[in-house]
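# Structural overview
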Amino acid sequence: QVQLVESGGGLVQPGGSLRLSCAASGSIFTIKAMGWYRQAPGKERELVALITSGGITNYANSMKGRFTISRDNAKNTVYLQMNSLKPEDTAVYYCNAQSSSYYSNRNYWGQGTQVTVSS
């Protein structure tokens, strides 16, 4: 089992910045990748950014160049630095962990944190 705790969401003005944090605990040795997804009202959940255990990153096109995903292995924590925020970035942001082993292959999700971009 993996538990994910998110923090850092809130209200920010257009053009501002936020940094989201996601701390993992439990069977962290099974985690192969961690990332961030978001879901706005009436829209499908979409990938924001992903980082593998090997440090390879992947970004959605709309976020590339503005958002940066990083990790601190010592703290078992993944960060999402969000710059130049736009109103359309308003959504609930969810932390995700993908784990696999000889016996299982699972996805784990955080509780979500609200990001609101508004003047």
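The structure reproduced in this document is the subject of the present report. (Residues numbered from 1 in each chain as written. Predicted model: local features only at pLDDT ≥ 70, side-chain atom pairs only at ≥ 80, totals over all residues. Heavy atoms only, no water.)

### A closer look at the nonpolar core
Among the nonpolar cores identified, the biggest contains 30 residues, and Leu4, Met34, Trp36, Leu80, Met82 and Tyr93 are the most heavily contacted of them. Put simply, the parts of the chain that give this core at least two residues each are strand S1 (2-7), strand S3 (18-26), strand S4 (31-39), strand S5 (46-52), strand S7 (67-72), strand S8 (77-82), strand S9 (91-100) and strand S11 (113-117). Residues in contact with Leu4, not counting those within four places in the same chain, are Cys22, Ala23, Ala24, Met34, Cys95, Asn96, Ala97, Tyr108, Trp109, Gly110 and Gln111. (Core = buried A, V, L, I, M, F, W, Y, C linked by side-chain atoms within 4.5 Å. Buried < 20%, exposed > 50% of the residue type's maximum accessible area, 1.4 Å probe, protein only. Helix = DSSP H or I, 4+ residues; strand = E, 2+ residues; numbered from the N terminus. Contact = heavy atoms within 4.5 Å.)

### Some thoughts on the pairing of S5
Pairing analysis gives six bridges linking S4 to S5, with the strands arranged antiparallel. Pairing of Met34 across the sheet is with Ile51, part of S5. Once S4 ends, the chain turns through six residues before running back antiparallel as S5, passing Gly42 with a positive phi of about 75°. Across three bridges, the pairing between S5 and strand S6 (residues 57-59) is antiparallel. When the bridges of S6 are listed, Ile51 appears paired with Thr57. Here S5 folds back onto S6 in antiparallel fashion, the turn holding four residues, of which Gly55 has a positive phi close to 90°. (Pairing = 2+ DSSP bridges.)

### Some words on the packing of aromatic side chains
Under the definition given, this model contains two aromatic pairs. For the ring pair Tyr37 and Trp109, a centre distance of 5.2 Å and an interplane angle of 70° mean the geometry is edge-to-face. Here Tyr37, found in strand S4, pairs with Trp109, found in strand S10 (residues 105-109); they are 72 residues apart in sequence, far enough to count as distant. Under the relative-accessibility criterion, Tyr37 is labelled buried at 18%. Seen in terms of ring centroids, Tyr102 and Tyr103 are 5.1 Å apart; in terms of plane orientation they differ by 80°. Their pairing is edge-to-face. (Phe/Tyr/Trp six-rings, centres within 6.5 Å; stacked < 30°, edge-to-face > 60°.)

### Here's the deal with the sheet that holds S8
Here four strands make up an open sheet; going across it, the order is S1-S3-S8-S7 and the pairing antiparallel. Of all the strands in the sheet, just S1 and S7 have a single pairing partner and so form its edges. Taken over all neighbouring pairs, the strand axes of this sheet differ in orientation by 20° on average, direction set aside. As judged from the six bridges shared by S1 and S3, these two strands associate in the antiparallel manner. Looking across to S3, one finds that Val5 is bridged to Ala23. (Axes fitted to C-alpha atoms, helices over the stretch in contact; angles between N-to-C directions.)

### Digging into the environment of Lys43
By the element assignment, Lys43 lies in the loop between S4 and S5. With relative accessibility at 56%, the residue Lys43 sits in the exposed group. For the pair Lys43 and Ala91, spaced 48 residues apart in the sequence, the C-alpha separation amounts to 9.6 Å.

### Focus: the layout of surface pockets
By volume, the largest pocket is sized at about 230 Å³. Taken together, 15 residues make up the lining of the largest pocket; nearest its centre are Ile31, Met34, Ser53, Arg71 and Asn73. Here the lining of the largest pocket takes four residues from S4, the largest share from any one element. A per-class count over the lining of the largest pocket returns seven nonpolar, five polar and three charged. (1 Å grid on protein atoms, 1.4 Å probe; cavity = no way out; pocket = protein on both sides within 12 Å on 5 of 7 lines; lining within 4 Å. Points joined across faces, edges and corners; volume = space filled by probe spheres on them. Nonpolar A, V, L, I, M, F, W, Y, C, P; charged D, E, K, R; others polar.)

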